[in-house]
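Chain by chain, the residues run as shown.
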Amino acid sequence: MNKQADLKRIAELRNIIEYHNKRYYQQDAPEISDTEYDRLMRELQDLENSYPEEFSATSPTQRVGAAPLARFASFNHPTPMFSLANAFSNEEIVEFDNRIKRLAGVDNISYVAEPKLDGLAVNLIYEDGLFIRGATRGDGTTGEDVTQNLKTISSLPLKMKRTSHNPVPSFIEIRGEVYMEKEPFQKLNLRRIENGEEPFANPRNAAAGSLRQLDSRITARRPLNLFLYGIGDVKDINFSTHWEMLQALAGWGFPVNKFIEKSYDINSSIKYFERIGVMREKLPYEIDGIVLKVNNISLQKNLGNVSRNPRWALACKFPAAQATTVVKEIVVGVGRMGTLTPVAIMDPVNVGGVMVSRATMHNEDEVLKKDVRVGDTVVIQRAGDVIPEVVKVIFEKRTGKEKKFKMPTHCPQCGSEVVRFEGEVAHRCVNISCPAQLKEHIRHFASRGAMDIEGLGEKVSAQLFDAKLIADPADLYFLSKEQLTALDRQAEKSAQNLIDAINKSKNPLLDKFIYALGIRHVGERTAKLLADHFGSMENLMASKQEDLTVINEIGPEIAVSIVEFFHEQKNIDVMNKFSKAGVIPQKKTIRANAPLQGKSFVFTGTLENMGRNEAKLFVENLGGTIHSSITKKTTYVIAGSDPGSKLDKAKSSGIHIITEEEFLKLIGR
Ligand code: IVH
């Protein structure tokens with residue numbers, strides 16, 4: 001064994017795996033197969049096992065991929081996790097302040113005011129700066145040990161940062177909130193609905209459901225985040241104020257909410273409450289109020305607790321953005337994959353400052369569970385940017401004239417049969433030329449992650465479709481400027497822009513094109529796997545189920561969906577139309593003897609003759625790969641003008657550096 005070489009390999013593997021984790025979990029754009037990833041992970045694991053002294057708490061072997069658990073172990077919190085007393089009005093806040101002043105015998109109290117995050121509370125244990133265990137709050141005394149899942153949250157430090165003015169304690173319990181941002185939450189739900197899975201009711205449930213997964217590989221794919229706001233037991237360090245403690249948390253590398261403020265008296269606390277209330281809608285995550293905490297820690301200790309609530313803290317809750325209105329109608333919308341979604345149309349009502357007249361109910365089961373009928377008076381709720389939802393029916397207001405909802409047996413848009421596949425909650429229209437589906441389909445085709453045709457959003461797609469100018473995405477390439485200018489709202493200039501944008505999309509990357517086709521179960525990630533494996537549309541279209549399932553991660557369900565898609569005559573016609581229009585996806589070279597096969601490129605600085613994306617295409621077409629950072633495997637670093645630090649790194653690691661001209665020669669330009 002050559003120890004030095006092994007140690008070098010350990011460091012290298014850690015970097016490589018970190019890089020692929022990012023590609024996979026954060027960018028949803030993996031570059032290697034799962035088998036290859038597992039191989040790297042195993043290699044690292046084996047090496048780490050041979051050199052236990054090289055253990056690192058921040059190694060990727062510590063973060064992801066534990067086998068599913070049968071159940072969570074229970075965890076006794078070293079110090080109990082209390083909850084907060086609530087206040088719903090300014091009067092109650094003033095009462096809280098008066099009580100503390102009286103008990104403390106002083107006439108002014110300083111507070112720290114914090115947003116009250118709407119997620120789930122966790123307790124993290126660090127020993128000598130290393131994350132060793134983490135648990136949910138549970139009943140405050142005993143929670144569930146979700147250590148493995150917490151490790152998948154990339155903002156959770158596996159190791160506390162150590163600085164000279166921020167020494168690391170030998171033991172500390174750190175408390176905070178795991179949450180999910182609003183936008184990723186909505187995306188997650190859309191995906192779930194399309195897959196026929198039950199959507200989460202709100203970001204808090206989504207966060208809780210994701211953190212409490214027995215299979216941490218599922219948690220790793222969920223967009224979870226974390227803010228820390230307190231501590232339990234701590235050794236070696238004494239903080240004199242809550243504020244000072246928060247600064248220390250931030251210094252150790254923990255995410256601390258940036259809107260936390262010191263507030264010198266109760267009036268400024270109330271102003272903070274009002275200010276945050278106004279900001280609330282604009283925040284990317286949900287909050288349901290603020291928390292006031294007495295800043296002075298010895299005063300906190302003196303004040304103590306009443307039952308399970310500390311006397312020194314108060315949750316000031318926003319009034320819930322709810323309103324009462326009457327359901328006029330329950331209509332059924334049709335999505336791209338034909339998913340039918342019941343939507344309640346209501347008398348318009350102001351909910352927390354926004355007029356609302358529609359609320360989604362996701363699927364039939366939800367309507368039946370809540371027993372929402374046309375004519376019912378209902379409570380609706382709007383939480384942040386989340387689509388308004390029906391909370392409950394006010395049954396006392398029923399007159400008996402209300403009409404029960406029934407999922408249509410035929411698509412409200414095209415009259416085709418509606419089916420509910422086994423094991424799915426969604427009903428679907430099975431007609432692939434359903435106009436509602438087609439409009440959605442065209443919008444998807446043109447969207448950002450797909451063909452990226454600027455100016456072709458939901459409205460324009462529907463407009464073109466309704467005007468019968470297009471019936472499928474391939475028709476886009478036969479549109480003329482005259483046809484567009486004849487439409488409302490399409491001025492000369494914007495018509496030309498749209499035509500230009502459409503033409504510009506004629507040479508898409510193969511994976512983007514595959515994704516754009518909107519094949520059921522083929523998201524961006526699967527599209528990339530297919531492009532890498534088949535290299536061309538022709539190969540993909542000719543593939544059989546068994547050719548597809550050899551690809552890691554492609555199971556029979558996806559394979560069947562792909563084969564069926566390319567066997568459908570309508571889709572074959574559309575594909576032919578694409579060819580006729582000159583829409584030709586870039587081929588991917590998968591030949592083993594491709595000239596750049598096995599060569600790995602890293603760019604630094606600006607290229608004069610082509611954009612990076614174009615350069616990437618050339619390299620990939622010739623069998624090479626592009627990476628964003630230099631590793632031992634990098635073959636060439638291409639130095640454009642104004643190169644960055646990568647150039648220095650390439651020099652110091654002796655990697656072949658070439659000019660843009662040399663690069664052009666290499667790719668035969
Ligand atoms: S402090 C003893 N600070 O609210 C102090 N809690 O009802 C306990 N929460 O279980 C918590 N944001 O899940 C605190 N900035 C914040 C918070 C916060 C949200 C949650 C937490 C806790 C619940 C208390």
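Below is a short write-up of the structure. (Residues numbered from 1 in each chain as written. Predicted model: local features only at pLDDT ≥ 70, side-chain atom pairs only at ≥ 80, totals over all residues. Heavy atoms only, no water.)

All right, on to the environment of Thr-324 then. Tracing the chain through its elements places Thr-324 in strand S14 (residues 322–334). Taking the C-alpha atoms as reference points, Thr-324 and Ile-380, separated by 56 residues in sequence, lie 6.2 Å from one another. (Helix = DSSP H or I, 4+ residues; strand = E, 2+ residues; numbered from the N terminus.)

Residues in contact with the ligand amount to 13 residues; listed here are only the nearest, Glu-114, Leu-117, Glu-177, Tyr-229 and Lys-293. Glu-177 is positioned such that a nitrogen or oxygen atom in its side chain is 2.6 Å from an oxygen atom of the ligand. When the ligand sits alone it has 520 Å² of accessible area, and the protein chains cover 85% of it. For the shell around the ligand, the elements supplying multiple residues, two or more each, are strand S3 (111–117) and strand S10 (287–294). Partitioned by chemical class, the residues of the shell around the ligand number 8 nonpolar, no polar and 5 charged. (Near = heavy atom within 4 Å. Polar contact = N/O pair within 3.5 Å; in protein donor to acceptor, adjacent residues only side chain to side chain. Areas by Shrake-Rupley, 256 points an atom, 1.4 Å probe, with all protein chains shown as cover. Nonpolar A, V, L, I, M, F, W, Y, C, P; charged D, E, K, R; others polar.)

With that settled, the discussion passes to the sheet that holds strand S13 (residues 313–317). Strand order in the open sheet formed by 5 strands is S2-S13-S10-S3-S9, with mixed pairing between adjacent strands. Where the open sheet ends on each side, the last strands, each with one partner, are strand S2 (85–87) and strand S9 (261–263). Strand-to-strand twist in this sheet, taken as the mean axis angle between neighbours without regard to direction, amounts to 35 degrees. Judged from the 3 bridges that link them, S3 and S9 form a sheet pairing that is antiparallel. Each bridged residue has a counterpart across the sheet, and for Tyr-111 the counterpart in S9 is Ser-263. In the packing of helix H3 (residues 90–104) onto the sheet, the strands contacted are S2, S3, S10 and S13, and the crossing angle to S13 comes to about 170 degrees. (Pairing = 2+ DSSP bridges. Axes fitted to C-alpha atoms, helices over the stretch in contact; angles between N-to-C directions. Contact = heavy atoms within 4.5 Å.)

Right, let's talk about the packing of H3 against helix H9 (residues 266–279) for a bit. Running from amino to carboxyl end, H3 crosses H9 at an angle of 145 degrees, the nearest separation of the two axes being 10 Å. Crossing of H3 against H9: the hand is right-handed. Residue-level contacts link Asn-90, Ile-93, Val-94 and Asp-97 of H3 to Ile-266, Ile-270, Phe-273 and Glu-274 of H9. Here the contact of H3 with H9 is built from residues that sort into 5 nonpolar, 1 polar and 2 charged. (Left-handed = near helix turned anticlockwise from the far one by under 90°.)

A separate point is the pattern of salt bridges. Scanning all chains against the criterion turns up 33 salt bridges. Linking Arg-204 and Asp-118 is a salt bridge whose minimum nitrogen-to-oxygen distance equals 2.8 Å. Of this pair, Arg-204 sits in helix H6 (residues 203–211) while Asp-118 sits in the loop between S3 and strand S4 (120–127), and the two are 86 residues apart along the sequence. In this structure, Lys-577 engages Asp-472 in a salt bridge whose closest nitrogen and oxygen atoms are separated by 2.6 Å. Highlighted residues: Lys-577 in helix H21 (residues 569–581) and Asp-472 in the loop between helix H13 (458–466) and helix H14 (481–485), separated in sequence by 105 residues. Sharing partners across several salt bridges, the network here consists of Arg-9, Glu-12, Arg-39, Glu-43 and Lys-632. (Salt bridge = Lys/Arg side-chain N within 4 Å of Asp/Glu carboxyl O.)

Hydrogen bonding along the main chain pairs the strands of a sheet, whether they run parallel or antiparallel. Spatial ordering of the open sheet is given by S5-S4-S7-S8, a layout of 4 strands whose pairing is antiparallel. For this open sheet the edge positions go to strand S5 (130–136) and strand S8 (224–234), each flanked by a neighbour on one side alone. Across this sheet, the average inter-strand angle for adjacent strands is 30 degrees, counted without regard to direction. Bridge count between strand S7 (residues 171–180) and S8: 8 bridges; the pairing is antiparallel. Residue pairing in the sheet places Glu-177 in a bridge with Phe-227 of S8. Sitting on the sheet, H6 touches S4, S5, S7 and S8, and the angle it makes with S7 is about 125 degrees.

The next thing to look at is the pairing of S5. A regular strand places its side chains so that they alternate between the two faces of the sheet. Here 6 bridges tie S4 to S5, and the two strands are oriented antiparallel to one another. Bridge pairing links Val-122 to Thr-136 in S5.

Moving on: the state of the cysteines. According to the stated counting rule, one finds 0 disulfides in the structure shown. Not engaged in a disulfide, the cysteine Cys-429 finds its nearest cysteine sulfur in Cys-414; these two sulfurs lie 3.7 Å apart. Cys-429 gets classed as buried once you look at its relative accessible area, which sits at 3%. (Disulfide = S-S within 2.5 Å. Buried < 20%, exposed > 50% of the residue type's maximum accessible area, 1.4 Å probe, protein only.)

With that settled, consider the packing of aromatic side chains. Following the criterion strictly, the structure yields 16 aromatic pairs and no others. Aromatic side chains Phe-96 and Tyr-111 sit 5.9 Å apart centroid to centroid with 35 degrees between the ring planes, which places their arrangement in the tilted category. In this pair, Phe-96 is assigned in helix H3 and Tyr-111 in strand S3, connecting sequence segments 15 residues apart. Assessed through its relative accessible area of 2%, Phe-96 is described here as buried. For Tyr-111, a relative accessible area of 0% gives the class buried. Taking 5.6 Å as the distance between ring centres and 90 degrees as the angle between the ring planes, the aromatic pair formed by Phe-603 and Phe-663 counts as edge-to-face. Of this pair, Phe-603 sits in strand S21 (residues 600–604) while Phe-663 sits in helix H24 (residues 660–666), and the two are 60 residues apart along the sequence. With relative accessibility at 1%, the residue Phe-663 sits in the buried group. Among the aromatic residues, those joined into a cluster by ring pairs are Phe-445, Tyr-477, Phe-513 and Phe-578. Directly above the aromatic system of Phe-200 lies the positively charged group of Arg-192, at a separation of 4.4 Å from the ring centroid. Across from the ring centre of Phe-171, 4.8 Å away, lies the NZ or CZ of Lys-235, which sits over that ring. (Phe/Tyr/Trp six-rings, centres within 6.5 Å; stacked < 30°, edge-to-face > 60°. Lys NZ or Arg CZ within 6 Å of the ring centre and 35° of its normal.)

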